[in-house]
Amino acid sequence: MSIGTLVLAAILIFCAILILAAAVDAALNAIIEFLEDKHLDWMIDLIEWLDNNAGPWWDADNNRFRIASWLWDSIKYVISQYIIGYSVYDEWTGKKYYYGIVGLIDYIADQITGFLLKYRIAVIDITVARAIAAIMLILAVIGAIWAIRKVIT
Amino acid sequence: MSLGAILLMALLAVIGTLLLLAAVEKFARETLGLEDFPSITSDMWKFLKRIPDALTNAVKNIINALADFIKAPFEAFYNTLMSYGLEPAFAQGIATLIIVLTVIGIILAIAKWRGWL
């Protein structure tokens, strides 16, 4: 089985799970709305308990299940942090950390820029500088003489 | 497989995935009536957009570093001449002359090599 088929299968399974979770949400929310209308004491207690104790799969503001959104948030976190990724500089350790595809791109760019920064000529010795300046002046004089001769002839 | 073919396949895969997610989202919201279905397409697009953004940023950084790398010896030369008491304008003039001569030399060398001269 090729990688493309596997990825496609994973996306389809993930979509099916999300649809299923959204359907479960819709069903549970319909039940909750129905029971809320009956003003049952145990139902009020249950919602209060869920508001105080339930995890991110419960919307405490609207008294609704949000299993599909919670599932998608979790998957989003994994995709964002570990697949797409990022790079971050840690001031405490003085190191840069790279994660995922964006991290790889940043790592390659940092390696190239680091190499260029490391091997650039930042200082020239005065003797070399004088020699270069002298050669430049001689070349300029030769160039000027050549140009004058060209114009005359 | 060539690099162009791989890039084209990656682009098609991204477009295909986004279209598939959009179709699933539309199906879940409109056909099945699941109003709370999460907005998977726009979220995925936001994630995928970070890759070209990172590439653009990387290319920009490399171009800047390359420019600094090429500029560095001339700057170093200028600074050295300046630090040993040469007039800034004269030091700048010599450094500029070197840059101009180097660029002309490179152009002439390429022209000779390609047989244009």
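Residues numbered from 1 in each chain as written. Chains lettered and ligands numbered in written order. Predicted model: local features only at pLDDT ≥ 70, side-chain atom pairs only at ≥ 80, totals over all residues.

K.L.:
Hey, could you go over the overall build of chain A for me, with residue numbers and the actual values?
P.N.:
Looking only at helices and strands, chain A features five helices and four strands. Helices and strands in chain A line up, N terminus first, as α-α-β-β-α-β-β-α-α. For 153 residues, the compact-globule estimate of 2.2 N^0.38 gives 15 Å, and the C-alpha radius of gyration of chain A, at 34 Å, exceeds that figure by more than 25%. Principal axes of the C-alpha set define a box for chain A whose edges measure 110 × 45 × 35 Å. Taking contacts inside chain A between residues at least 6 apart in sequence as the whole, the part at least 24 apart equals 27%. (Helix = DSSP H or I, 4+ residues; strand = E, 2+ residues; numbered from the N terminus. Rg over C-alpha atoms; globule rule 2.2 N^0.38 Å. Contact = placed C-beta atoms within 7 Å.)

K.L.:
With reference to specific residues and values, describe helix 4 (residues 100-118) of chain A.
P.N.:
Its 19 residues place the ends of helix 4 of chain A 26 Å apart at the C-alpha level, agreeing with the 27 Å of an ideal helix rising 1.5 Å per residue. Burial in helix 4 of chain A covers these residues: Gly100(A), Val102(A), Ile105(A), Asp106(A) and Ala109(A). The buried residues of helix 4 of chain A occupy an angular sector of 165° when projected down its axis, which confines them to one face. Opposite its buried face, helix 4 of chain A presents the exposed residues Gln111(A), Gly114(A), Phe115(A) and Lys118(A), each directed more than 90 degrees away. Those residues of helix 4 of chain A that are buried are in contact with helix 3 (67-84), strand 3 (86-90) and strand 4 (95-99) of chain A together with helix 2 (40-83) of chain B. (Expected span 1.5 Å × (residues − 1). Buried ≥ 20, exposed ≤ 12 C-beta atoms within 10 Å, placed from the backbone. Arc of directions from axis to C-beta.)

K.L.:
Help me get a handle on helix 3 of chain A, residues and values and all.
P.N.:
When the terminal C-alpha atoms of helix 3 of chain A are compared, their 24 Å separation across 18 residues agrees well with the 26 Å that a helix rising 1.5 Å per residue should span. Of the surrounding secondary structure, the elements contacted by the buried residues of helix 3 of chain A are helix 1 (3-37) and helix 4 of chain A together with helix 2 of chain B. Phi turns positive, to about 75°, at Gly85(A), one or two residues after helix 3 of chain A.

K.L.:
Please provide a residue-by-residue account of the nonpolar core, values included.
P.N.:
Of all hydrophobic cores here, the largest spans 12 residues; its members are Leu18(A), Ala21(A), Ala22(A), Ala68(A), Leu71(A), Trp72(A), Leu21(B), Val24(B), Ala28(B), Leu34(B), Phe37(B) and Ile40(B). When contributions to this core are tallied by element, the ones reaching two or more residues are helix 1 and helix 3 of chain A together with helix 1 (3-31) of chain B. Filtering out sequence-adjacent residues up to four positions away, Trp72(A) remains in contact with Leu18(A), Pro38(B) and Ile40(B). (Core = buried A, V, L, I, M, F, W, Y, C linked by C-beta atoms within 7 Å.)

K.L.:
Would you mind going over the interface of chain A and chain B in detail, with residue names and values included?
P.N.:
Each partner contributes to the interface: chain A provides 37 residues, whereas chain B provides 34 residues. Those elements giving two or more residues to the side of chain A that touches chain B turn out to be helix 1, helix 3, helix 4 and helix 5 (126-152) of chain A. If you tally residues by element for the side of chain A that touches chain B, the top one is helix 4 of chain A, at 10 residues. Considered class by class, the residues forming the side of chain A that touches chain B number 29 nonpolar, three polar and five charged. (Nonpolar A, V, L, I, M, F, W, Y, C, P; charged D, E, K, R; others polar.)

K.L.:
Lay out the packing of helix 5 of chain A against helix 3 (residues 88-114) of chain B with the relevant residues and their values.
P.N.:
Where helix 5 of chain A contacts helix 3 of chain B, the two axes come as close as 10 Å, and the packing angle between them is 65°. Here helix 5 of chain A is positioned roughly perpendicular relative to helix 3 of chain B, judged by the angle of their axes. As for how helix 5 of chain A packs across helix 3 of chain B, the hand of that crossing is left-handed. Taking contact as the criterion, the partners of Ile132(A), Ala133(A), Met136(A), Leu139(A) and Ala140(A) in helix 5 of chain A are, on helix 3 of chain B, Ile94(B), Leu97(B), Ile98(B) and Leu101(B). Here the contact of helix 5 of chain A with helix 3 of chain B is built from residues that sort into nine nonpolar, no polar and no charged. (Axes fitted to C-alpha atoms, helices over the stretch in contact; angles between N-to-C directions. Parallel < 35°, antiparallel > 145°, perpendicular 65-115°, else oblique. Left-handed = near helix turned anticlockwise from the far one by under 90°.)

K.L.:
Tell me about unusual backbone geometry, and name the residues and values.
P.N.:
In this model, Asn63(A) sits at a positive phi of 55°, which is unusual for a non-glycine residue. Relative to the helices and strands, Asn63(A) resides in the loop between strand 1 (58-59) and strand 2 (64-65).

K.L.:
Talk me through the domain arrangement of chain A; I want residue IDs and the actual numbers.
P.N.:
Put simply, an interface is often sized by how much accessible area is lost when its parts join up. Domain boundaries assigned for chain A yield domain 1 (3-84), domain 2 (86-120) and domain 3 (121-153). A separation of 41 Å is found between the C-alpha centroids of domain 2 of chain A and domain 3 of chain A. (Domains from an automatic or database assignment.)

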